[in-house]
Amino acid sequence: MSARTPSSEAPHRAGFACFVGRPNAGKSTLTNALVGTKVAITSNRPQTTRHTVRGIVHRPEAQLVLVDTPGLHKPRTLLGERLNDVVRATWAEVDVIGFCLPADQKLGPGDRYIATELAGIKKTPKVAIVTKTDLVDSQQLAEQLIAIDQLGRDLGIEWAEIVPVSAVADTQVHLLADLLVPLLPESPPLYPEGDLTDEPEQVMVAELIREAALEGVRDELPHSIAVVVEEMIPRPDRPKDKPLLDVHANVYIERPSQKGIIIGPKGARLKEVGMKSRKHIEALLGTPVYLDLHVKVAKDWQRDPKQLRKLGF
């Protein structure tokens, strides 16, 4: 038998961690904070995320691929059912599950419902992440930590860690990454150095437009909005030092009556959506953009399998 020489270097680790939780639990904001840039759209409206978004955290000793999932909820539409299927399919494939629970909200039936499902996944390590700690005092935070520990005991979940964080205040975000990395398998990097997401550019551009459209609309409208980027093409005959990318996108809503809300008086709201999203698109793509937006009606698309397929769900 040959004597093994102890290696001075720890093995490189790489793998996938998904964030799950009720809608509006702070999953997307936390993903962006860990990656260090915007890869997932955020909104104070619940159920903003509609598909899995991968954000990549690069470290010398590890590569942590974060999968931000839609909020698990009681579905009222076919879209809702499909989003829940996405969540369950995701957590069946990852190396570690981060369960996000907001510090400012007492544990409710929705949290227990998700925790009960997580209890059935035996082998995958689970980290309870207490989000939005900037919104509570130390006593409230302590009560929430005790409640989460008890929830685990009640359901037979052994939390690998319980970590309080604030993505907004950048509190313990780095520590969370430190605690997730050892739970990943030994592996070479899965993505090239410098990649921050594996989202296709067209999908990210559509999401940035949807984020801008979500701001300031009535409560019933956010879930009715879908955005499809039809094409992104460089403007021909432009000098090399002055490129321009033409982006043509459609904003879909479910009823003709919603069209006026999105467009606004004399087109003012749609213009504002275009200006806000264009700024983010140019920052994302690193090139000047001409954004052409049109509002279209796709009747009851959240409940129509054919329309859902057309809109990419």
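Quick notes on the rules
- Residues numbered from 1 in each chain as written.
- Predicted model: local features only at pLDDT ≥ 70, side-chain atom pairs only at ≥ 80, totals over all residues.
- Heavy atoms only, no water.
- UniProt positions renumbered as here; feature names shortened; annotations may be inferred.
- Axes fitted to C-alpha atoms, helices over the stretch in contact; angles between N-to-C directions.
- Helix = DSSP H or I, 4+ residues; strand = E, 2+ residues; numbered from the N terminus.
- Parallel < 35°, antiparallel > 145°, perpendicular 65-115°, else oblique.
- Contact = heavy atoms within 4.5 Å.
- Nonpolar A, V, L, I, M, F, W, Y, C, P; charged D, E, K, R; others polar.
- Left-handed = near helix turned anticlockwise from the far one by under 90°.
- Core = buried A, V, L, I, M, F, W, Y, C linked by side-chain atoms within 4.5 Å.
- Buried < 20%, exposed > 50% of the residue type's maximum accessible area, 1.4 Å probe, protein only.

You'll find the protein chain entered in an unreviewed UniProt entry as GTPase Era, with Streptomyces buecherae given as the organism. Quoted verbatim from the Sequence similarities (unreviewed entry) heading of the UniProt record, the comment on the protein chain is "Belongs to the TRAFAC class TrmE-Era-EngA-EngB-Septin-like GTPase superfamily. Era GTPase family."

All right, on to the packing of helix α7 (residues 256-263) against helix α8 (residues 268-285) then. Direction vectors running N to C along α7 and α8 enclose 60°, while the axes themselves pass 5 Å from each other. Our classification of the angle between α7 and α8 gives oblique. Listed contacts from α8 to Ile261, Ile262 and Ile263 of α7 are Ala268, Arg269 and Leu270. Here the contact of α7 with α8 is composed, by residue class, of 5 nonpolar, no polar and 1 charged.

Below, the discussion takes up the packing of helix α6 (residues 201-214) against α8. Closest axis-to-axis distance for the α6/α8 pair is 8 Å, and the angle between their directions is 145°. In terms of crossing hand, the pair formed by α6 and α8 is right-handed. Across from Glu201, Met204, Val205, Leu208, Ile209, Ala212 and Ala213 in α6, the residues of α8 making contact are Arg269, Val273, Lys276, Ser277, His280, Ile281, Leu284 and Leu285. Grouping the amino acids of the contact of α6 with α8 by side-chain chemistry returns 10 nonpolar, 2 polar and 3 charged.

All right, on to the nonpolar core then. One finds Val205, Ile209, Val247, Val251, Ile281 and Leu293 to be the most contacted residues of the largest nonpolar core, which totals 24 residues. Among the elements of the structure, α6, β7 (226-234), β8 (245-253), α8 and β9 (289-297) are those that each provide at least two residues to this core. With 6 residues, the top contributor of residues to this core is α6. Leave out the neighbours within four places in its chain, and Val251 touches Ile209, Ile225, Ala226, Val227, Ile262, Leu293, His294, Val295 and Lys296. Counting residues in hydrophobic clusters, the runner-up holds 23 residues, among them Cys18, Ala103, Leu141 and Trp159.

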